Amino acid sequence: MVDELSKRRHNFQPGRKLRLANGQLWVFPTPRTPGDPTGFQADAEYRPLLNAVREADSDAERAMAELALVVFLLSWNYELSPSEYQELLSFPPGSPAVEEWRGNLSELAFAHIGGPLIAKGPGMAYQGWFSRLLARFRPSPTDQ
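None of these values were measured; they are calculated from a predicted model.

Undergrad: Teacher, can you tell me more about the overall build of the protein here?
TA: Within the protein, the secondary structure is distributed over 5 helices and 4 strands. The linear arrangement of helices and strands in the protein, starting from the amino end, is β-β-α-α-α-α-β-β-α. Of the contacts made within the protein by residues no fewer than 6 positions apart, 57% connect residues no fewer than 24 positions apart. For the protein, the accessible surface area stands at approximately 8,700 Å², while carbon and sulfur atoms represent 58% of it.

Undergrad: When you look at the pattern of salt bridges in this model, what are you seeing that I'm missing?
TA: Oppositely charged side chains can pair when the atoms bearing their charge come close. A full pass over the atoms with the stated rule returns 7 salt bridges. R8 is paired through a salt bridge with E4; the nearest N and O atoms lie 2.8 Å apart. When its relative accessible area of 7% is taken as the criterion, E4 is described as buried. The salt bridge involving E79 is made with R9; its shortest N-O contact spans 2.7 Å. Of the two residues, E79 sits in the loop between α2 (59-77) and α3 (82-89) while R9 sits in the segment before β1 (15-19), which places them 70 residues apart along the sequence. Judged by relative accessible area, E79 falls into the partly exposed class, the value being 46%.

Undergrad: I would appreciate a short explanation of the packing of aromatic side chains in the present structure.
TA: For any two aromatic rings, the description comes down to two numbers: the centre-to-centre distance and the angle of the planes. Inspection of every chain in the model, using the stated rule, returns 6 aromatic pairs. Relative to W76, the ring of F72 lies with its centre 6.1 Å away and its plane at 40°, an arrangement referred to as tilted. Here F72 pairs with W76, and both are found in helix α2, just 4 residues apart, close to one helical turn. Exposure remark for F72: the relative accessible area of 7% places this residue in the buried category. With relative accessibility at 18%, the residue W76 sits in the buried group. When the centroid spacing of 5.7 Å and the interplanar angle of 25° are considered together, the rings of F91 and W101 count as stacked. Of this pair, F91 sits in the loop between α3 and α4 (96-113) while W101 sits in helix α4; the two residues are 10 residues apart in sequence, bridging distant segments of the chain. We classify F91 as buried; its relative accessible area is 17%. A connected cluster of aromatic rings, assembled from ring pairs, spans F12, W26 and Y78. Against the face of F12 rests R8, its NZ or CZ located 4.0 Å from the ring centre.

Undergrad: How should the nonpolar core be read in this particular structure?
TA: Where a protein is soluble and globular, its nonpolar side chains tend to be buried together. Counting residues in hydrophobic clusters, the biggest one holds 29 residues, and the most contacted among them are W26, F28, L74 and W101. Of all elements in the fold, only β2 (25-29), α1 (46-54), α2, α3 and α4 reach the threshold of two or more residues within this core. The leading source of residues in this core is α2, at 7 residues. The contact partners of F28, leaving out residues within four places of it in the chain, are P14, G15, R16, L18, L20, V70, L73, L74, N77, W101 and L108.

Undergrad: Where do I start with α3 in this structure?
TA: An α-helical segment advances 3.6 residues per turn. Residues three or four places apart therefore align on the same side. Those residues of α3 that fall on the buried side of the exposure criterion are E84, Y85, L88 and L89. Down the axis of α3, the sector holding all buried residues measures 120°, keeping them to one side. In α3, the exposed positions angled more than 90 degrees off the buried face are occupied by P82, S83 and Q86. Buried-residue contacts for α3 involve β2, α2 and α4.

Cut-offs and rules
Residues numbered from 1 in each chain as written. Predicted model: local features only at pLDDT ≥ 70, side-chain atom pairs only at ≥ 80, totals over all residues. Heavy atoms only, no water. Helix = DSSP H or I, 4+ residues; strand = E, 2+ residues; numbered from the N terminus. Contact = heavy atoms within 4.5 Å. Areas by Shrake-Rupley, 256 points an atom, 1.4 Å probe, with all protein chains shown as cover. Salt bridge = Lys/Arg side-chain N within 4 Å of Asp/Glu carboxyl O. Buried < 20%, exposed > 50% of the residue type's maximum accessible area, 1.4 Å probe, protein only. Phe/Tyr/Trp six-rings, centres within 6.5 Å; stacked < 30°, edge-to-face > 60°. Lys NZ or Arg CZ within 6 Å of the ring centre and 35° of its normal. Core = buried A, V, L, I, M, F, W, Y, C linked by side-chain atoms within 4.5 Å. Arc of directions from axis to C-beta.

Structure (structure tokens):
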């Protein structure tokens, strides 16, 4: 089993603790807020990951973007091998922990992007840039 403490990097950032598939709590850096010098300040890879979450046009696309962000945040705080990522992020199908993890994953991504959630169908998703563009050209019900 992968041990959280033994895998920490020298530049470990404090943050939000989430329980991963191996049952341990792992720390994800929190985003830096104005006036708070202790928050996470990432490298150039961070912004494109945030944009991918923000611009996702479907729940499936958003889930993949959120997973990519989580892997990045884990790699910032921990030195992990590919098999260790798999151990930490592979929950048993149908497990109650899966739904809890999905909710935590979305909350973590939301904290980092700081953008609004837009309802799409039965679930919630971030409104993508393409959908926003189309919405400008769709007539509203009062225009018809």
